[in-house]
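A structural walkthrough
Letter by letter, the chains look like this.
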Amino acid sequence: MDDYEQQLYTWVAAIPSGRVVTYGQLAALIGRPNGARWVGRRMAQLPPGSTLPWHRVLNAAGRSSLPLGKGGSNRQLRLLAREGVLVVDGRVSLARFRWDPAADDASIGASD
């Protein structure tokens, strides 16, 4: 695993329950500002049973990249809804639910 992957997984693990980030946001956090697709590929390649909260990572429109089922939902959106994230028409309001690690005392590297 290279340094970018290690940083990515560390950031994903830090996303609090009830919050989301975008692929592009994660890419910027690890120093790959144009790496949103790279992040998406890494999330898609997580092994089954991974404990990383992959479901908290959405596209730039606040939507899941997984296909939606008949009810306009999928596993990712159901997991988010269980955490209190409001999903309307298959979309999450990034203005309301996006995690801002710089404003979060529990963010990586925050001082006590």
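Residues numbered from 1 in each chain as written. Predicted model: local features only at pLDDT ≥ 70, side-chain atom pairs only at ≥ 80, totals over all residues. Heavy atoms only, no water.

A few points about the packing of aromatic side chains
Counted under the stated rule, the structure contains two aromatic pairs. Ring plane angle 70 degrees and centroid distance 6.4 Å describe the contact between Y4 and W38, whose orientation is recorded as edge-to-face. Within this pair, whereas Y4 is found in helix 1 (residues 3-14), its partner W38 is found in helix 3 (residues 36-44), the two being separated by 34 residues in sequence. Residue class for Y4 comes out partly exposed when judged on its relative accessible area of 33%. Pairing W11 with W99 gives two aromatic rings, centres 6.0 Å apart and planes at 55 degrees, and the pair type is tilted. With W11 in helix 1 and W99 in the segment after helix 5 (94-97), the pair connects residues that are 88 residues apart, well separated along the chain. Residue W11 is classed as buried on the basis of its relative accessible area, which comes to 13%. It is R32 that lies over the ring of Y4; its NZ or CZ is 4.9 Å from the centre. Its end group placed over the ring of W38, R32 keeps NZ or CZ at 4.3 Å from the ring centre. (Phe/Tyr/Trp six-rings, centres within 6.5 Å; stacked < 30°, edge-to-face > 60°. Helix = DSSP H or I, 4+ residues; strand = E, 2+ residues; numbered from the N terminus. Buried < 20%, exposed > 50% of the residue type's maximum accessible area, 1.4 Å probe, protein only. Lys NZ or Arg CZ within 6 Å of the ring centre and 35° of its normal.)

A few points about the environment of R42
Assignment of secondary structure puts R42 in helix 3. Separated by 22 residues in sequence, R42 and V20 place their C-alpha atoms 17 Å apart. Among all residues touching R42, those that are not within four sequence positions of it are E5, L8 and Y9. (Contact = heavy atoms within 4.5 Å.)

Concerning the layout of surface pockets
A volume near 310 Å³ is recorded for the largest pocket. Forming the boundary of the largest pocket are 18 residues, of which M43, A44, L46, W54 and L66 lie nearest the centre. At the level of secondary structure, the elements contributing two or more residues to the lining of the largest pocket comprise helix 3 and helix 4 (75-82). In terms of residues, the lining of the largest pocket owes the most to one element, helix 3, which gives three residues. Looking at the lining of the largest pocket, its residues break down into 11 nonpolar, six polar and one charged. (1 Å grid on protein atoms, 1.4 Å probe; cavity = no way out; pocket = protein on both sides within 12 Å on 5 of 7 lines; lining within 4 Å. Points joined across faces, edges and corners; volume = space filled by probe spheres on them. Nonpolar A, V, L, I, M, F, W, Y, C, P; charged D, E, K, R; others polar.)

Observations concerning helix 1
Taking 1.5 Å per residue, 12 residues should reach 16 Å; helix 1 reaches 17 Å between its end C-alpha atoms and fits that length. Taken residue by residue, helix 1 has E5, L8, Y9, W11 and V12 as its buried positions. One side of helix 1 carries all its buried residues, which in axial view fall inside an arc of 160 degrees. The N-cap residue of helix 1 is D2: its side-chain oxygen and the backbone nitrogen of Y4 are 3.1 Å apart. (Expected span 1.5 Å × (residues − 1). Arc of directions from axis to C-beta. Polar contact = N/O pair within 3.5 Å; in protein donor to acceptor, adjacent residues only side chain to side chain.)

A word on unusual backbone geometry
Even without being glycine, D89 reaches a positive phi, approximately 55 degrees. Residue position: D89 is located in the loop between strand 3 (87-88) and strand 4 (91-92).

Structural notes on the pattern of salt bridges
Under the defined criterion, the tally for this structure stands at two salt bridges. The shortest N-O distance in the salt bridge between E5 and R42 comes to 3.3 Å. Within this pair, whereas E5 is found in helix 1, its partner R42 is found in helix 3, the two being separated by 37 residues in sequence. Here E5 falls in the buried class, since its relative accessible area comes to 18%. Between E83 and R56 there is a salt bridge whose closest N-O contact spans 2.7 Å. A residue pair is termed long-range when its members are at least 10 positions apart, and E83 in the loop between helix 4 and strand 3 and R56 in the loop between helix 3 and strand 2 (57-58) qualify at 27 residues. (Salt bridge = Lys/Arg side-chain N within 4 Å of Asp/Glu carboxyl O.)

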